[in-house]
Amino acid sequence: MSTATTTARSTEDGALRWFRRLMWAGIIGNVIVGIVSIAYTPQVLALAKVDPATPLVWPRLSAMLVMLLAGFYVPAAIDPNAHRFSAVFAVVCRFAGTIFMAVVGGHYIIFGLFDFVFGAPQAICLYLAWHRTNAAPDGRASGSTIVALLAGLLAVGGFAWGAFQWLTQPVLPAFASDEEYFKYGSIGNDGAGGIPYPIWIAMPDVCAHHLPRPQGYAAFGLLYERGRNPAIDPPIGFSRAKVGVERMAINCAVCHTVRARLAADAEPQFYVGAAANTVDIQGYLRFLSRCAADDRFTPHHLIPAMAAKVKLSWLDRLTYRFVLIPFVRSRLLEQGEDLAWASRRPAWGPGRIDPFNPVKFGMLHLADDETIGNSDMQAVWNLNSREQIRASAPLHWDGLNNSVREVVISSALGDGAVAREFNFPAMERIDRFLRALPPPPSPHRPDAAAVERGKVVFAANCAECHAPDGKRTLTVIPVAEVSTDVNRSHMWTELARDAYNNFREGRDWGFKSFRKIPGYVAEPLRGLWLNGPYLHNGSVPTLRDLLEPPAQRPAAFVRGLDVVDARNGGFVAPSCDPRQQPAEGFCFDTRLVGNGNDGHVYGTALSAAEKSDLLAYLLTF
């Protein structure tokens, strides 16, 4: 026998030996996994990060079938040449399981990887063994080794990809209540925009000198419900989900939850769906990037601060030291650079945001056009009532869209959600919740006779634009008529409208309702008592001030406070000097571009008595 033939025979025998070993290993693996899965079903499902199953008989039945299937593999493990059908059947079953779980997706891919880790090397070994068996007797070299090597590389790559998908697939906490989900649930931005939880809770300690006051994240007006520890618990408007590691990411409630006290010594109450009044989004984002740029944003300082609040294993410490901390620092610095344009505009301040310029310059990749979109956050409750007032009612201050579905999805995208993590059922849940969420009734009890007189004044001067049956309610009033600050209207351009309607990054989002109408929406007034300051840019502190001519309205006042003003409407907002920020809140200067308090002169010519009666009526909304 020639040397070449001897080599071929030994290779063939080696490939067959490894095939049989892998077959027996797979059979044993099936049996072990099956027994453990039957005995400890909830624990196995939790370890695999898949959804809990009810009743448990179904996953247990699946485990039993996995063990039974292993019996059909035994002939191939004994002699694959004598039982060729069994050998092929075993490999096909492994790949079928892999493909099925890959199609199901999510965390179920871990079960596909289990089949793949046996099926791929079994297929390669079987191919080598049978190919060499049928090789030319003269021993000429064949390409089987190269094919097997390439297949092996592809298998390793496929396994790595599947493992990555499983590790980075979000593990989201469940919320029985729609309100709890709105406050703490994920909107699909955890992996793309979330900050690892241990780093997030350590940053206020490591970078305390970058906080406006020593209160942790509460210094930015973030809201913590009673019983939650601000040092370690998420505030309202943040989700805590696991994507590889636990992460913190913002959600809709950060801009749509208000904190209010009916008196200075009263317990704060939280109202979801309202326009946030205390949250300083820009201050929070600037803190993150400034902390990342700080010399203390290093493993040397961060890991001890993290370990003081959460338990870190030795592997956690290594991962954070060499991977996550450098990565997060890079991402936060990049985020700071992406928002550098905002430093060339007036500060947003608490309760305000420029919601669309970040989308224009970031997500839509449009050039900085120097526009200013600073606006008050908006209440988003009782959306169904808007549709009852006017079909396809305009949304946002300037009516740039009239589809609730598109607004919910685009808002999530604007907050960093990405196609890979996007959860349409979650968005539909938020949609349903906001459609039915009523505004809280006003706690104010003004003089009943004054309220009745004010109702008449309202009908004569305000109802056309603000009553539920007003003929102009929920229509866009031209800027030339309402005369309020024009910058927000200028910010939304035809170019931005077209770019958003054509946005297809990651998937076809189905946007078609973005539009450009120069003006501002005449809003219905339910929940008015919680919506101060007033006008689209929040430039008028109280309802009483709104009934005065623009020249008599406060030029500078404190925003971000939470004591309800029962006399004037809105929140207590003392005057201030913009050259010196107050100890609490933010000094809002109406003389800055985009902050103008002109316009909306409706009712300003009424007599003092009529204004007083009208205010009494408005306080009941």
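Residues numbered from 1 in each chain as written. Predicted model: local features only at pLDDT ≥ 70, side-chain atom pairs only at ≥ 80, totals over all residues. Heavy atoms only, no water.

A. Focus on the overall build of the protein chain. Each helix and strand in the protein chain was counted, giving 24 helices and 11 strands. Reported as C-alpha extents along the three principal axes, the dimensions of the protein chain are approximately 115 × 55 × 50 Å. Here the protein chain holds 621 residues, and the buried ones make up 51% of them. Sequence separation of 24 or more characterises 71% of the internal contacts of the protein chain that already satisfy a separation of 6 or more. In the structure as shown, the protein chain presents an accessible area of about 28,600 Å², 61% of it carried by carbon and sulfur atoms. Across the protein chain, the centroid of the 59 positively charged side chains sits 6 Å from that of the 56 negatively charged ones. (Helix = DSSP H or I, 4+ residues; strand = E, 2+ residues; numbered from the N terminus. Buried < 20%, exposed > 50% of the residue type's maximum accessible area, 1.4 Å probe, protein only. Contact = heavy atoms within 4.5 Å. Areas by Shrake-Rupley, 256 points an atom, 1.4 Å probe, with all protein chains shown as cover. Lys, Arg positive; Asp, Glu negative; His and termini not counted. Charge placed at Lys NZ, Arg CZ, Asp CG, Glu CD.)

B. Region of interest: a nonpolar patch on the surface. A cluster of nonpolar side chains, Trp-24, Ile-28, Ile-32, Val-36, Tyr-40 and Ile-78, forms an exposed patch at the surface whose accessible area comes to about 600 Å². The greatest single-element share of the nonpolar patch, amounting to 4 residues, is contributed by helix H1 (residues 3–39). Of note, Ile-32 is situated in helix H1. (Patch = residues over 30% accessible without salt bridge, like charges linked within 9 Å, V, L, I, M, F, W, Y side chains within 5 Å. Salt bridge = Lys/Arg side-chain N within 4 Å of Asp/Glu carboxyl O.)

C. The environment of Ser-86, seen in detail. Relative to the helices and strands, Ser-86 resides in helix H5 (residues 84–104). Separated by 10 residues in the primary sequence, Ser-86 and Ala-76 have C-alpha atoms spaced 5.3 Å apart. Residues contacting Ser-86, with those up to four places away along its chain left out, are Phe-72, Tyr-73, Pro-75 and Ala-76. A polar contact of 3.3 Å, which involves the side chain of Ser-86, links it to the backbone nitrogen of Ala-76. (Polar contact = N/O pair within 3.5 Å; in protein donor to acceptor, adjacent residues only side chain to side chain.)

D. Spatial organisation of the packing of aromatic side chains. Applying the stated rule across the entire model yields 30 aromatic pairs. Considering the side-chain rings of Tyr-217 and Phe-287, the 6.0 Å spacing of their centres and the 85° angle between planes classify their relative orientation as edge-to-face. Remark: Phe-287 occurs in helix H11 (residues 281–293) and Tyr-217 occurs in the loop between helix H10 (197–206) and strand S2 (238–243); sequence separation between them is 70 residues. Of the two residues, Tyr-217 and Phe-287, both sit in the buried class. Centroid distance Phe-238 to Tyr-284: 5.6 Å. Interplanar angle 85°. Geometry classified as edge-to-face. Taken together, the residues span a long stretch of sequence, with Phe-238 in strand S2 and Tyr-284 in helix H11 at a distance of 46 residues. Assessed through its relative accessible area of 5%, Tyr-284 is described here as buried. Each residue in the set Trp-200, Tyr-217, Phe-220, Phe-238, Tyr-284 and Phe-287 is aromatic and connected to the rest through ring pairs, giving one cluster. Sitting over the ring of Tyr-184, Arg-228 keeps its end group 4.0 Å from the ring centre. Between Arg-559 and the ring centre of Phe-588, over which it is positioned, the NZ or CZ distance is 5.8 Å. (Phe/Tyr/Trp six-rings, centres within 6.5 Å; stacked < 30°, edge-to-face > 60°. Lys NZ or Arg CZ within 6 Å of the ring centre and 35° of its normal.)

E. Local environment of the side chain of Arg-429. Take Arg-429: it is sitting in helix H17 (residues 424–436). The residues touching Arg-429, leaving out its near neighbours within four places in the chain, are Phe-175, Ala-176, Ser-177, Asp-178 and Tyr-181.

F. Focus on the sheet that holds strand S1 (residues 195–196). If you walk across this open sheet you meet the 3 strands as S1-S3-S2, and the pairing is antiparallel. Of all the strands in the sheet, the pair left with one neighbour each is S1 and S2. Relative to strand S3 (residues 245–250), S1 runs antiparallel, the two being bridged by 2 bridges. Residue pairing across strands places Ile-195 opposite Met-248, the latter belonging to S3. (Pairing = 2+ DSSP bridges.)

G. Seen up close, the packing of helix H12 (residues 299–307) against helix H13 (residues 314–338). Packing of H12 against H13 leaves a shortest axis separation of 11 Å and a crossing angle of 135°. Between H12 and H13, the angle is such that the two are oblique. In this structure, H12 crosses over H13, and the sense of that crossing is right-handed. Along the contact surface, H12 presents Pro-299, Leu-302, Ile-303, Met-306 and Ala-307, while H13 presents Arg-317, Tyr-320, Arg-321 and Ile-325. Tallied by class, the residues present in the contact of H12 with H13 amount to 7 nonpolar, no polar and 2 charged. (Axes fitted to C-alpha atoms, helices over the stretch in contact; angles between N-to-C directions. Parallel < 35°, antiparallel > 145°, perpendicular 65-115°, else oblique. Left-handed = near helix turned anticlockwise from the far one by under 90°. Nonpolar A, V, L, I, M, F, W, Y, C, P; charged D, E, K, R; others polar.)

H. Representation of helix H2 (residues 41–48). For H2, every residue scored as buried is listed here: Thr-41, Val-44, Leu-45 and Ala-48. Projected onto a plane normal to the axis of H2, the buried residues spread over an arc of 100° and lie on a single side. Residues of H2 that are exposed and angled more than 90 degrees away from the buried face: Ala-46 and Leu-47. (Arc of directions from axis to C-beta.)

I. The pattern of salt bridges, seen in detail. Counted by the stated rule, this structure contains 25 salt bridges. For Asp-368, the salt bridge is made with Arg-344, and the minimal N-O distance between the two is 2.6 Å. In this pair, Asp-368 is assigned in the loop between helix H14 (357–363) and strand S7 (375–376) and Arg-344 in the loop between H13 and strand S6 (352–353), connecting sequence segments 24 residues apart. Look at Asp-368 and you get partly exposed, because its relative accessible area is 30%.

J. Inspection of the state of the cysteines at higher detail. Under the defined criterion, the tally for this structure stands at 2 disulfides. Disulfide pairing places Cys-207 opposite Cys-291 at an S-S distance of 2.0 Å. Because the sign of the S-S torsion sets the handedness, a value of about 70° for the bond joining Cys-207 and Cys-291 places this disulfide among the right-handed ones. Of the two residues, Cys-207 is situated in the loop between H10 and S2 and Cys-291 in helix H11; the sequence distance between them amounts to 84 residues. We note that Cys-207, like Cys-291, is buried. (Disulfide = S-S within 2.5 Å.)

K. Structural view of the pairing of strand S10 (residues 556–559). Going residue by residue along S10, you find Ala-556 and Val-558 tucked away on one face and Phe-557 and Arg-559 tucked away on the opposite face as well. Pairing of S10 with strand S11 (residues 586–589), which is carried by 4 bridges, proceeds in the antiparallel orientation. Pairing of Val-558 across the sheet is with Cys-587, part of S11.

L. Molecular detail of the environment of Ala-90. Position of Ala-90 among the secondary structure elements: in helix H5. Judged by its relative accessible area of 0%, Ala-90 is buried. Placed 18 residues apart in sequence, Ala-90 and Phe-72 show a C-alpha to C-alpha distance of 7.6 Å. Excluding its chain neighbours within four sequence positions, the residues that come into contact with Ala-90 are Met-23 and Tyr-73.

M. Main features of helix H24 (residues 608–618). For H24, every residue scored as buried is listed here: Lys-611, Asp-613, Leu-614, Leu-615, Ala-616, Tyr-617 and Leu-618. Against helix H18 (448–461) and helix H23 (543–546) lie the buried residues of H24.

N. Looking closely at the side chain of Asn-401. In this fold, Asn-401 is placed in the loop between helix H15 (383–389) and helix H16 (404–414). At 2.8 Å, the side chain of Asn-401 and the backbone nitrogen of Ser-403 are in polar contact. Polar contacts involving the side chain of Asn-401 include one to the side chain of Glu-406, which spans 3.2 Å. Here Asn-401 is in contact with Ala-393, Pro-394, Leu-395, Glu-406, Val-407, Ser-513, Phe-514 and Arg-515, once residues within four sequence places are set aside.

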